[in-house]
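Fold and geometry: a report
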Amino acid sequence: MADTITAETLRFERDLAAPVETVWQYLVDPELRARWFMGGPTELHEGGALGMTMRHGNLADEPDPMPERYAPYDGKAWSETITKLEPPRLIAFTWSGGEAGEVTIELDRIGNDRTRLTLTHAGLRGADDARNFGGGWGSHLAVLEQRLEGKHIASFWALHAQAEAAAARALGLPA
């Protein structure tokens, strides 16, 4: 599926090999969310906290050395605010307390055993944000897709480098 990447908004669509209820659990259960993105204590209601703990070393199935530029963030924990919640269809939350926009993830059934996930990150602060978040969301969604398909993930950071280069190309920036 085509991704849309601009300096203000990112939009990713993925058709996932799992029913909506399974994908929803990967979004809201902190332990499952930690296997593809970031886990953390979560208060699952509008206005509640969505915990975020960076443990990117847990995303691959093999040892995966972290690039130097991300090492200072390993183990960083914070929370964002859930702004909208419609289980099992939609969750929206702030990023950087809203300073870096809002993320909305929508799920739609495709038959009985597949789900279309649409992630929109709106309110970005410019091209640097778009490249950074584009690389992040692109790689995290690739991990989610592979987890749901039961595939081996050799390197999160290789997926991240590919996604960041694709975001830079879409923005007309050097990779």
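Our subject in this report is the structure included herewith. Because the structure is predicted, anything quoted here is derived from the model rather than measured.

About the thresholds
- Each chain has its residues counted from 1, running along the sequence as written.
- At least 70 in pLDDT is required for a residue's local features to be given in this predicted model, at least 80 for side-chain atom pairs to be given and counted, and no such filter applies to totals for whole chains, interfaces and linings, which use all residues.
- Side-chain figures throughout are based on the complete set of non-hydrogen atoms in the structure, without hydrogens or water.
- Buriedness of a pocket was judged along seven lines, with at least five required to meet protein on both sides within 12 Å; pockets are open sets of points on a 1 Å grid over the protein atoms alone, cavities are sets where a 1.4 Å probe fits but cannot get out, and lining residues have an atom within 4 Å of a point.
- Grid points are joined across faces, edges and corners, and a volume is the space filled by probe spheres set on the points.
- Counting from the N terminus, the helices are the DSSP runs of H or I reaching at least four residues and the strands are the DSSP runs of E reaching at least two.
- Throughout this description, buried means an accessible area under 20% of the type-specific maximum (1.4 Å probe, protein chains only), exposed means over 50%, and partly exposed covers the range between.
- Any two strands are treated as partners once DSSP identifies two or more bridges connecting them.
- Aromatic rings from Phe, Tyr and Trp, taking only the six-membered ring of Trp, are treated as a pair when their centres fall within 6.5 Å; an angle between ring planes under 30 degrees marks them as stacked, one over 60 as edge-to-face, and anything in between as tilted.
- Between two residues, a contact is recorded if the distance between any of their heavy atoms is within 4.5 Å.
- A fitted line through C-alpha atoms represents every axis, and for helices the fit uses only the stretch in contact; the resulting angles, taken between N-to-C directions, go from 0 to 180 degrees.
- Note on terminology: a nonpolar core comprises buried Ala, Val, Leu, Ile, Met, Phe, Trp, Tyr and Cys residues joined through side-chain atoms within 4.5 Å.

**Examining the layout of surface pockets**
Roughly 480 Å³ of internal volume is contained in the largest pocket. Lining the largest pocket are 22 residues, with M38, M54, W95, N132 and F133 sitting closest to its centre. For the lining of the largest pocket, the elements supplying multiple residues, two or more each, are β4 (77-86), α3 (127-148) and α4 (156-171). Residue contributions to the lining of the largest pocket peak at five residues, all from α3.

**Points about the pairing of strand β5 (residues 90-94)**
Of all five residues that make up β5, five are buried, and the element is covered over most of its length. Where burial is concerned, the two faces of β5 agree: the one with L90, A92 and T94 and the one with I91 and F93 are both buried. In this sheet, β5 lies alongside β4 in antiparallel orientation, the contact comprising four bridges. From the neighbouring strand, I82 faces β5, where its bridge partner is F93. Here β5 runs beside strand β6 (residues 102-110); their pairing, made up of five bridges, is antiparallel. In the sheet register, T94 faces β6, and the bridge partner there is E102.

**Notes on the packing of aromatic side chains**
Evaluation of the coordinates by the stated rule reveals nine aromatic pairs. Consider the rings of F37 and W95, whose centres lie 6.2 Å apart with planes at 40 degrees: the pair is tilted. Pair noted here: F37 is in the loop between α2 (30-33) and β3 (49-53) and W95 is in the loop between β5 and β6, with a separation of 58 residues, a long-range link. Here W95 falls in the buried class, since its relative accessible area comes to 9%. Considering the side-chain rings of F156 and W157, the 4.9 Å spacing of their centres and the 75 degrees angle between planes classify their relative orientation as edge-to-face. Judged by relative accessible area, W157 falls into the buried class, the value being 9%.

**Some details on empty space enclosed by the protein**
Tallied over the entire structure, the rule returns one cavity of 30 Å³ or more. As for the largest cavity, its lining consists of L27, R33, W36, F37, L50, I91, F93, I105 and W137.

**What to know about the sheet that holds β5**
Whether parallel or antiparallel, the strands of a sheet pair through hydrogen bonds between backbone atoms. Ordered by their spatial adjacency, seven strands build an open sheet running β1-β2-β7-β6-β5-β4-β3, and the pairing between neighbours is antiparallel. Of all the strands in the sheet, just β1 (4-5) and β3 have a single pairing partner and so form its edges. Lying over the sheet, α3 contacts β1, β2 (9-16), β5, β6 and β7 (114-122), oriented at roughly 10 degrees with respect to β2.

**Let's talk about the nonpolar core**
One recurring pattern in soluble globular proteins is that nonpolar side chains are buried together. Counting 45 residues, the largest nonpolar core has L27, I91, F93, W95, I105, L117 and W137 as the members making the most contacts within it. Looking at which element gives the most residues to this core, the answer is α3, with eight residues. When sequence neighbours within four positions are dropped, the list of residues in contact with W137 reads L10, F12, F37, F93, W95, V103, L119 and H121.

**As for unusual backbone geometry**
Looking along the chain, the bond that leaves P87 and enters P88 is cis, with omega of -10 degrees. Relative to the elements of secondary structure, P88 occurs in the loop between β4 and β5. Here the phi dihedral of S96 falls at roughly 55 degrees; this positive angle occurs in a residue that is not glycine. On the secondary structure map, S96 appears in the loop between β5 and β6. Its relative accessible area of 35% is what places S96 among the partly exposed residues.

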